Amino acid sequence: MVILVLVVLGLALGSFANALVWRVYKQSKSSKKLASKYSITRGRSMCVDCGHKLSFLDLVPVISWVGLRGKCRYCHKKISWQYPGVELATAVLFVLSYVFWPVGLAGKEWLAFGLWLAILTGFVALIVYDFRWMILPNKIILPLYFLAVIFVVVKLWASADIIKSLSELVLAVFIGGGIFYILFRVSKEKWIGGGDVKLGLLLGALALTPMNAMMLLFFASLLGCIYILPRMLSKKITKHTKIPFGPFLIIGCILVVLFGQVVSDWYFAHLIYR
């Protein structure tokens with residue numbers, strides 16, 4: 001039953017993530033007067049091509065897209081695979097988070113888990129936005145800071161040694177964002193963007209420990225290499241092509257939150273103490 005609820009919730013919030021991406025982008029390209037048309041909280045859902053207001057039957061995640069055969073009911077233009085893809089991906093992430101949550105879901109952990117699902121929704125929106133427009137917008141990142149602070153407080157609340165946990169958190173934030181800030185300043189924004197610095201600080205806090213923060217950067221770099229190298233070999237991109245790093249950082253964070261403890265335990269058991 002819990003998994004079924006998470007699937008439905010994931011599909012719904014995946015649909016919200018799609019709308020959030022489009023509305024934030026349209027607001028960034030519109031005047032203040034027109035930006036209200038794309039309000040995140042008040043605006044009605046509409047077709048991205050013809051602007052026609054969508055009915056309830058047009059908004060059922062995945063099912064509406066399949067029923068309409070991937071086309072708008074009103075202007076008949078194709079609806080991108082992005083929409084059902086993001087909805088399904090969010091649902092899968094919600095279920096995986098429940099199945100692989102690293103500690104028992106009891107008491108305060110349910111609050112931490114609920115906050116994590118909200119953070120995941122923002123992460124999905126950031127991944128799509130960064131891949132499409134090479135920007136990590138403040139309108140998505142800043143609310144995630146608020147959620148991350150509550151998430152961290154809940155986690156620290158359950159800590160047996162609050163002083164040790166706080167010191168580890170500070171180091172994790174430095175590793176997650178401080179290193180990027182140094183690169184940002186030294187390169188004068190050529191190597192890395194300001195959005196990556198803000199994201200790194202956020203992800204460092206969610207990582208909670210220095211070990212997890214370093215693991216996050218390792219996973220992100222590894223995933224980035226896996227994505228880039230085949231494209232360089234096939235000459236689809238060159239060494240001068242700009243590649244968004246935000247999505248790889250986010251995926252690295254998700255892996256660390258869900259599997260970081262398992263990986264670190266294996267590492268110390270098999271590589272350090274032998």
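Residues numbered from 1 in each chain as written. Predicted model: local features only at pLDDT ≥ 70, side-chain atom pairs only at ≥ 80, totals over all residues. Heavy atoms only, no water.

A.B. asks: Break down the pattern of salt bridges for me, citing the residues and quoting the values.
C.D. replies: With the rule as written, the count across this model stands at two salt bridges. Among the salt bridges present, the one from Asp58 reaches Arg73, with a minimum N-O distance of 2.6 Å. Here the residue Asp58 occupies a position in the loop between α2 (32–35) and α3 (63–67), and Arg73 occupies one in the loop between α3 and α4 (82–99), the gap between them amounting to 15 residues. By relative accessible area, Asp58 is classed as buried at 11%. (Salt bridge = Lys/Arg side-chain N within 4 Å of Asp/Glu carboxyl O. Helix = DSSP H or I, 4+ residues; strand = E, 2+ residues; numbered from the N terminus. Buried < 20%, exposed > 50% of the residue type's maximum accessible area, 1.4 Å probe, protein only.)

A.B. asks: Tell me what's going on with the environment of Thr238, and back it up with residues and numbers.
C.D. replies: Secondary-structure assignment places Thr238 in the loop between α9 (210–233) and α10 (246–272). Relative accessible area serves as the criterion here: at 45%, Thr238 is assigned to the partly exposed category. Taking the C-alpha atoms as reference, Thr238 lies 24 Å from Ile251; in sequence the two are 13 residues apart.

A.B. asks: Which residues make up the packing of aromatic side chains, and what values do they have?
C.D. replies: Evaluation of the coordinates by the stated rule reveals 17 aromatic pairs. Between Trp101 and Trp116, the ring centres sit 6.4 Å apart and the planes meet at 50°, which makes this aromatic pair tilted. Separated by 15 residues along the polypeptide, Trp101 in the loop between α4 and α5 (108–133) and Trp116 in helix α5 bring together distant segments of the chain. The pair formed by Trp101 and Trp116 is uniform in burial state, with each residue classed as buried. Linked through ring pairs, Tyr98, Trp101, Trp110, Phe113, Trp116, Phe123 and Phe151 together constitute an aromatic cluster. (Phe/Tyr/Trp six-rings, centres within 6.5 Å; stacked < 30°, edge-to-face > 60°.)

A.B. asks: Any details on unusual backbone geometry? Residues and values, ideally.
C.D. replies: In this structure, Arg69 is a non-glycine residue whose phi angle is positive, near 55°. You can see Arg69 is positioned in the loop between α3 and α4. Owing to a relative accessible area of 75%, Arg69 belongs among the exposed residues under this scheme. In this structure, His76 is a non-glycine residue whose phi angle is positive, near 65°. With respect to the helices and strands, His76 occurs in the loop between α3 and α4.

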